[in-house]
Amino acid sequence: MDLDLARGFLRAHHRAVLATFRKDGRPQLSPILCAVDEKGRVLISTRQTAIKTRNLRRDPRASLCALTDGFFGEWVQAEGDAEIISLPDAMELLVEYYRLIAGEHPDWDDYRAAMEREQRVILRVTLTRAGPDTSG
């Protein structure tokens, strides 16, 4: 699948499952919401202390499977390498992430305070491969 087609799907469908790799090589799966920035990178908000963050610090490979709200039907698997952007550098990316998924927040000061309290980071995945290329 063309990466631009995958990005288009991810812009329209934000629910996905993220796979990272544990120390022993087995996958660790997390339900997430994702957005796509203007450069076509996938943005994911999570906590500094989350297992997926720890896994990506050790091994930046990330795979995600995005689904429609109806679950059955179209889906996209996309893969790439993730970088972790921590606060304070992550704050404006967290705002962008929220806007891409939900629009304007009713109280941006409250949102920013919550991001600090929750020790949020942005996982930014540069896509290198996407599918499916066949069905069946």
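Residues numbered from 1 in each chain as written. Predicted model: local features only at pLDDT ≥ 70, side-chain atom pairs only at ≥ 80, totals over all residues. Heavy atoms only, no water.

## What to know about the overall build of the protein
Thought 1: Helix and strand counts for the protein come out as 4 helices and 6 strands.
Thought 2: For a compact globule of 136 residues, the expected C-alpha radius of gyration is about 14 Å, and the protein comes in at 15 Å, within 12% of that figure.
Thought 3: A principal-axis box enclosing the C-alpha atoms of the protein has dimensions of 50 × 35 × 25 Å.
Thought 4: A buried classification covers 46% of the 136 residues belonging to the protein.
Thought 5: Expressed as a percentage of contacts within the protein between residues at least 6 apart in sequence, the contacts between residues at least 24 apart total 68%. (Helix = DSSP H or I, 4+ residues; strand = E, 2+ residues; numbered from the N terminus. Rg over C-alpha atoms; globule rule 2.2 N^0.38 Å. Buried < 20%, exposed > 50% of the residue type's maximum accessible area, 1.4 Å probe, protein only. Contact = heavy atoms within 4.5 Å.)

## As for the packing of aromatic side chains
To describe a pair of aromatic rings, one takes the distance between the centres and the angle between the planes.
Thought 1: The final tally for this structure, using the stated rule, is 4 aromatic pairs.
Thought 2: Here Tyr98 and Tyr111 contribute two aromatic rings whose centre-to-centre distance is 5.1 Å and whose plane-to-plane angle is 65 degrees, an arrangement assigned as edge-to-face. Linking Tyr98 in helix H3 (residues 91–102) with Tyr111 in helix H4 (residues 108–117), this pair joins segments that are 13 residues apart in sequence.
Thought 3: Classification of Tyr98 as partly exposed rests on a relative accessible area of 22%. (Phe/Tyr/Trp six-rings, centres within 6.5 Å; stacked < 30°, edge-to-face > 60°.)

## Re the nonpolar core
Thought 1: Leu10, Val42, Ile44 and Leu64 are the most contacted members of the largest nonpolar core, which totals 23 residues.
Thought 2: Mapped by element, the contributors of at least two residues to this core are helix H1 (3–12), strand E1 (15–21), strand E2 (27–36), strand E3 (42–47), strand E4 (61–67), strand E5 (75–86) and strand E6 (120–131).
Thought 3: With 5 residues, E6 is the single largest residue contributor to this core.
Thought 4: Those residues in contact with Ile44 that lie beyond four places of it in its chain are Leu18, Ile32, Leu33, Cys34, Leu64, Tyr97, Val121, Ile122, Leu123 and Val125.
Thought 5: Counting 14 residues, the second-largest nonpolar core is a separate cluster that includes Ala35, Ala90, Met91 and Ala114. (Core = buried A, V, L, I, M, F, W, Y, C linked by side-chain atoms within 4.5 Å.)

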